[in-house]
Amino acid sequence: MKFSVKAFVLGVIISAVFVSVKNVYSCDLSAQIDKGIYRAMKKGSIENLYIGSSMFRKGITLYDDPSDSFLIYYNGLDPVAESLILEYMFSNGLKVKNLYVDLFPSTAAKVSWLYDKRMMFDAPLGLKLSVLCQALRNPEAEVIPAVWELLIHSGNDMFILWPLYSRLAGGRYYRGGYSRDTYNRGRTRGELAAMPGQQSESASLNPEQKRAITRIAELCGEYGVNVVFLETPKYSAMFEGGKYREMMGEYLGLLEGSGAEAVVSEAAAGGNVRLGVSVYDFPNDDPALYEDYIHLSTEGSRKFMEVLRGMEGE
Amino acid sequence: MSVFLLLRGGGVAFFADIFLSWLLAKLLARNRNRIALTVCITLAVLPLVLTKYAPFIPSTLFAPESLALVAMAGISFYTLRIVSCYADIYAGKIDDAPGFADYALYVSLFTQILSGPIMRVKDFTGQVDSAGFDSGRASQGAFLILSGLVKKLVVANMAASYVDSVHARISTLPALCLWMGAFLYAVQIYADFSGYSDISNGVMLLLGFRSTENFSTPYFAQGFGDFWRRWHISLSSWLRDYVYIPLGGSRCSGVRHFVNLLATFAVSGLWHGTGGNFLFWGLCHGLLVWLSSKLKLIRNPAITFLLVMLLWIPFRASGMSQALTYYARMFAGLSLSTSAITSMIVLFTGDNTCVLYACVLFAGILAMFLHDMAAFMGKDCPFAFTMLFTVMVILFGRMGESAFIYARF
Amino acid sequence: MAENILKFVAFSLIIAAVYHVVPRSLRKCVLLVANAVFYVSISTLAGGGGSVFC
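As a further point, take the overall build of chain C. The secondary structure content of chain C amounts to 2 helices and 0 strands. Taking all 54 residues of chain C together, the buried fraction comes to 46%. Roughly 2,600 Å² of accessible area belongs to chain C as shown, and the carbon and sulfur atoms make up 75% of that amount.

In structure tokens form, the structure reads like this:
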């Protein structure tokens with residue numbers, strides 16, 4: 001079979017048009033099913049905004065929350081990505097009273113990862129370009145693969161099959177987080193023991209992530225946002241070896257004097273009592289409350305929300 | 001000699017190997033006898049044997065670790081080219097070894113060094129002086145490159161994700177996931193390898209050479225004999241001409257014929273890899289080639305595909321133990337319950353985009369097979385396929401994935 | 001690596017273009033040099049560096 005130059009050029013044009021339309025309008029699609037960055041921005045103002053990783057998605061349930069709240073989560077979302085998202089949202093007019101940021105030292109120990117296709121799908125074009133610029137700051141990044149992954153390739157299946165995806169996923173979101181339809185069961189002690197460990201390889205935070213954490217606190221100061229770095233409960237095995245508590249100490253040290261508060265579990269604080277740090281008590285040895293070492297089950301999440309409401313009441 | 005030169009590092013060793021093997025070819029052309037042929041072939045195969053099979057050589061006989069052997073890229077493929085050159089000289093198919101430049105080009109051709117196709121020296125040298133720009137060939141070549149990119153970047157790389165997930169959790173996944181994993185590995189290895197062959201042939205056509213057919217809709221084969229006339233054609237014809245026929249082929253007693261088949265496919269298995277799983281794979285194929293001539297049932301295309309698919313399992317597995325575990329799990333407790341089907345689908349991505357991923361992957365598989373059938377039937381739809389493949393590569397091509405499967409052999 | 005497949009295709013296209021532009025007597029040289037460049041870049045050396053194609 002022979003190569004048709006006209007067909008090739010037409011194929012490139014069609015792809016370019018598709019990619020352009022996707023990069024501009026994909027965020028609108030996500031907003032339709034009550035999730036994502038652009039949905040939050042369209043609200044204009046939010047009383048309680050939660051931003052984090054899958055730990056927040058599974059740990060923070062909002063369908064019983066009477067306040068004006070919204071959750072932005074992406075798998076593995078790290079402080080670098082969070083700072084980019086928040087900077088974009090605040091500078092484009094979103095007003096937030098209270099911001100809750102996912103506090104997980106292990107993520108902050110890693111090199112930043114910005115290639116989450118759903119984050120890119122939900123992001124408006126300006127934020128997509130910010131993420132690309134940030135990705136290219138990594139000395140090991142190459143321009144063409146980064147542009148390909150972030151702008152050209154990311155989310156095409158969702159965009160092209162949106163009618164199918166919105167039917168499958170639409171009812172599962174409420175204010176960005178889980179709706180009542182989703183149930184994550186807890187585990188048995190044996191099931192948790194059989195899971196691969198989720199300990200960090202490093203025992204100290206990544207410098208770029210540390211700068212991002214500080215930047216988040218600065219941004220909140222600039223825009224008058226009350227910021228709380230919130231740690232969701234972790235299963236007891238996470239504390240073995242001491243690395244987690246060590247990194248937690250480093251993380252909390254960064255926040256000292258920044259104007260940001262921190263809320264961590266008693267097990268994680270391990271005696272790291274500091275100004276601006278509130279500690280909550282949560283059973284970290286009851287496997288029914290956990291889906292794995294770092295994610296809460298639905299039961300665990302309900303219990304955690306009760307604990308948080310109790311703290312707010314105080 | 002080649003062994004000694006391996007010490008010096010891959011590139012230098014390779015170039016020196018080309019020169020030495022060319023000298024041997026020249027000597028063989030002047031002394032066409034069995035002893036000379038045996039010596040030449042032994043020296044040609046020795047680096048491959050030592051680099052691939054060194055860990056299995058008893059240390060009482062030899063201490064390979066003292067030689068710091070390194071595996072040279074493409075060694076499996078270019079060794080076959082050298083051996084076929086020697087055999088053709090001995091058989092009188094070519095009068096003399098080609099000139100050094102032609103020989104060096106033949107052994108080291110960049111489009112084919114990593115994963116073939118395995119060209120014969122006469123086919124290559126016959127074209128090397130006359131190859132020139134031909135717009136028709138260039139156009140075909142460009143299309144083949146595009147087709148190869150779709151097969152590799154879209155179909156193979158997308159299927160690989162699922163296959164890797166399955167092989168990482170064989171003991172815990174439902175049987176249905178393992179069946180899907182087996183099917184997608186059959187898709188992956190075909191798309192990966194035929195994709196590479198398409199790109200290789202496409203480049204050859206751009207250079208003005210003829211292409212070497214390496215795949216011809218193998219999964220529509222009727223029986224295993226037919227399968228090996230359609231799959232990795234350049235290797236199967238090499239094995240036929242340089243192993244099977246010299247052993248006696250089918251022109252001997254039934255038992256001897258059977259033994260010849262098994263021996264040939266044992267060589268094929270061991271060429272692909274050193275583990276017992278590769279030997280098992282080769283021997284099973286040899287047995288099924290023999291059975292295909294006896295049992296009509298095996299010549300049914302669906303049965304042939306099913307058996308081929310099941311035999312890819314040890315090929316992909318890390319060893320025979322893992323392959324046996326895979327088989328056991330596949331056939332124990334196979335269920336089509338909602339939970340099993342859901343697990344099978346969710347495994348595509350692990351989240352709620354799994355259905356989308358599966359849709360894109362299967363659309364890619366369909367496009368690939370439609371094109372292969374169209375090409376096989378001589379139907380020409382250049383406009384439609386060029387546009388479709390261009391869009392698919394740009395929008396769904398996955399970068400940063402695994403290397404070509406056959407490049408590791 | 002898939003992006004290196006694209007580099008391989010780009011390399012091949014460049015070599016094909018050069019191959020057809022140079023005088024016929026130099027064509028074998030072009031291919032030999034291409035083979036050498038390609039092989040050195042992909043060969044696995046003990047302690048050696050990476051390659052644009054791998």
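To continue, consider the overall build of chain A. Secondary structure assignment for chain A yields 15 helices and 8 strands. Here the C-alpha atoms of chain A give a radius of gyration of 20 Å, agreeing with the 20 Å that 2.2 N^0.38 yields for 314 residues. Residues counted as buried form 55% of the 314 residues belonging to chain A. Contacts in chain A between residues far apart in sequence, at least 24 positions, make up 75% of those at least 6 positions apart. The average position of the 33 basic charges and that of the 38 acidic charges among the side chains of chain A differ by 8 Å.

A few words on the environment of arginine 329 of chain B. All names here are of chain B. By the secondary structure assignment, arginine 329 is in helix 14 (residues 320-331). Considering only alpha carbons, one finds arginine 329 and threonine 172, 157 residues apart in sequence, at a separation of 9.0 Å. Non-local contacts of arginine 329, meaning those with residues more than four positions away in its chain, are made with Ile170, Ser171, Thr172, Leu173, Ala175 and Leu178.

What follows is about the sheet that holds strand 1 (residues 45-52) of chain A. All names here are of chain A. Taken together, 6 strands build an open sheet; the order of strands is 2-1-3-6-7-8 and the sheet is parallel. The strands lining the two open edges of the sheet, one partner per strand, are strand 2 (69-73) and strand 8 (277-280). Along the sheet, successive strands turn relative to each other by an average axial angle of 20 degrees, direction set aside. Bridging between strand 3 (residues 95-102) and strand 6 (residues 226-230) involves 5 bridges; their strand directions are parallel. Note on strand 6: the bridge partner recorded for aspartate 102 is leucine 230. Packing of helix 4 (residues 79-91) onto the sheet brings it into contact with strand 1, strand 2 and strand 3, and relative to strand 1 it is tilted by some 165 degrees.

So, about the packing of aromatic side chains. In total, this model carries 61 aromatic pairs over all chains according to the counting rule given. Both rings, one in tyrosine 106 of chain B and one in phenylalanine 124 of chain B, keep their centres 6.2 Å apart while their planes meet at 45 degrees; by these two values the pair is tilted. In this pair, tyrosine 106 of chain B sits in helix 5 (residues 100-108) while phenylalanine 124 of chain B sits in helix 6 (residues 121-128), placing the two residues 18 residues apart along the sequence. Here the two residues tyrosine 106 of chain B and phenylalanine 124 of chain B agree in accessibility, since each one is buried. For the ring pair phenylalanine 348 of chain B and phenylalanine 362 of chain B, a centre distance of 6.4 Å and an interplane angle of 75 degrees mean the geometry is edge-to-face. In this pair, phenylalanine 348 of chain B is assigned in the loop between helix 15 (338-346) and helix 16 (354-376) and phenylalanine 362 of chain B in helix 16, connecting sequence segments 14 residues apart. Residue classification places phenylalanine 362 of chain B among the partly exposed positions, given a relative accessible area of 32%. Here the basic side chain of lysine 35 of chain A rests over the ring of tyrosine 173 of chain A, its NZ or CZ set 5.4 Å away from the ring centre. Directly above the aromatic system of tyrosine 19 of chain C lies the positively charged group of arginine 27 of chain C, at a separation of 5.3 Å from the ring centroid.

Before going further, it helps to examine a nonpolar patch on the surface. All names here are of chain A. Taken together, the side chains of Val5, Phe8, Val9, Val12, Ile13, Val17, Val21, Val24, Tyr25, Leu125 and Leu129 present a nonpolar region at the surface, about 880 Å² in accessible area. Those elements that place two or more of their residues in the nonpolar patch are helix 1 (5-32) and helix 7 (125-136). The leading source of residues in the nonpolar patch is helix 1, at 9 residues. Examined against the element boundaries, leucine 129 turns out to sit in helix 7.

Take helix 14 of chain B next. Residue and element names in this part refer to chain B. With 12 residues, helix 14 ought to run about 16 Å at 1.5 Å a step, and its terminal C-alpha atoms sit 17 Å apart, in line with that. Of all the residues in helix 14, the buried ones are Ala323, Tyr326, Tyr327 and Met330. Buried residues in helix 14, looked at end-on, bunch into an arc of 95 degrees, giving them a common side. Directly after helix 14, the chain includes glycine 333, whose backbone phi takes a positive value near 70 degrees.

Moving on, we come to the packing of helix 8 (residues 175-207) of chain B against helix 16 of chain B. All names here are of chain B. Running from N to C, helix 8 and helix 16 cross one another at 50 degrees; their axes reach a closest spacing of 12 Å. On the basis of the axis angle, helix 8 is oblique to helix 16. Once helix 8 is placed against helix 16, the crossing between them reads as left-handed. Within the contact between the two elements, helix 8 uses Met180, Phe183, Leu184, Val187, Tyr190 and Ala191 and helix 16 uses Leu361, Phe362, Ile365, Met368, Phe369 and Asp372.

Attention shifts here to the nonpolar core. Of all hydrophobic cores here, the largest spans 245 residues; its most connected members are Leu99 of chain A together with Trp312 of chain B. With 19 residues, helix 8 of chain B is the single largest residue contributor to this core. Apart from residues lying up to four places away in sequence, tryptophan 312 of chain B is in contact with Tyr185, Ala186, Ile189, Tyr219, Phe227, Trp231 and Trp281 of chain B.

Residues and elements named next belong to chain A. The N-to-C vectors of helix 1 and helix 8 (residues 143-153) enclose an angle of 75 degrees; their axes lie 9 Å apart at closest approach. For the element pair helix 1 / helix 8, the angle class is roughly perpendicular. Every residue of helix 8 that contacts helix 1 at Val19, Lys22 and Asn23 is listed here: Leu151, Ile152 and His153. Per-class residue counts for the contact of helix 1 with helix 8 are 3 nonpolar, 2 polar and 1 charged.

Residues and elements named next belong to chain A. With respect to burial, strand 7 (residues 261-265) is a largely interior element, 4 of its 5 residues being buried. Relative to strand 7, strand 6 runs parallel, the two sharing 3 bridges. Residue pairing across strands places valine 228 opposite glutamate 261, the latter belonging to strand 7. In this region the chain leaves strand 6, passes through helix 13 (residues 243-255) and returns to the parallel neighbour strand 7; the handedness of that crossover is right-handed. As paired elements, strand 7 and strand 8 share 4 bridges and run parallel to each other. The partner of serine 265 across the bridge, within strand 8, is tyrosine 280.

What follows is about the environment of leucine 184 of chain B. Inspection of the secondary structure assignment puts leucine 184 of chain B in helix 8. C-alpha of leucine 184 of chain B to C-alpha of alanine 156 of chain B: the two residues are 28 residues apart in sequence and 8.7 Å apart in space.

A separate point is the pattern of salt bridges. Residue and element names in this part refer to chain A. Overall, the coordinates contain 25 salt bridges over all chains when judged by the stated rule. For the salt bridge of aspartate 34 with arginine 39, the shortest nitrogen-to-oxygen distance reads 3.0 Å. Taking the shortest distance from any N to any O, the salt bridge between lysine 43 and aspartate 68 comes out at 3.8 Å. With a gap of 25 residues between them, lysine 43 in helix 2 (residues 37-43) and aspartate 68 in the loop between helix 3 (54-59) and strand 2 connect regions that are remote in the sequence. Residues joined in a network through salt bridges with shared partners are Glu87, Arg215, Glu218 and Glu222.

All names here are of chain B. In this fold, glutamine 112 is placed in the loop between helix 5 and helix 6. The exposure class assigned to glutamine 112 is buried, which follows from its relative accessible area of 1%. When neighbours within four sequence positions are excluded, glutamine 112 is seen to be in contact with Arg81, Pro117, Met119, Tyr196, Ser200, Met204 and Thr212.

What counts, and at which threshold
- Residues numbered from 1 in each chain as written.
- Chains lettered and ligands numbered in written order.
- Predicted model: local features only at pLDDT ≥ 70, side-chain atom pairs only at ≥ 80, totals over all residues.
- Heavy atoms only, no water.
- Helix = DSSP H or I, 4+ residues; strand = E, 2+ residues; numbered from the N terminus.
- Buried < 20%, exposed > 50% of the residue type's maximum accessible area, 1.4 Å probe, protein only.
- Areas by Shrake-Rupley, 256 points an atom, 1.4 Å probe, with all protein chains shown as cover.
- Rg over C-alpha atoms; globule rule 2.2 N^0.38 Å.
- Contact = heavy atoms within 4.5 Å.
- Lys, Arg positive; Asp, Glu negative; His and termini not counted.
- Charge placed at Lys NZ, Arg CZ, Asp CG, Glu CD.
- Pairing = 2+ DSSP bridges.
- Axes fitted to C-alpha atoms, helices over the stretch in contact; angles between N-to-C directions.
- Phe/Tyr/Trp six-rings, centres within 6.5 Å; stacked < 30°, edge-to-face > 60°.
- Lys NZ or Arg CZ within 6 Å of the ring centre and 35° of its normal.
- Patch = residues over 30% accessible without salt bridge, like charges linked within 9 Å, V, L, I, M, F, W, Y side chains within 5 Å.
- Salt bridge = Lys/Arg side-chain N within 4 Å of Asp/Glu carboxyl O.
- Expected span 1.5 Å × (residues − 1).
- Arc of directions from axis to C-beta.
- Parallel < 35°, antiparallel > 145°, perpendicular 65-115°, else oblique.
- Left-handed = near helix turned anticlockwise from the far one by under 90°.
- Core = buried A, V, L, I, M, F, W, Y, C linked by side-chain atoms within 4.5 Å.
- Nonpolar A, V, L, I, M, F, W, Y, C, P; charged D, E, K, R; others polar.
- Right-handed = clockwise from strand over helix to strand, strands pointing away.

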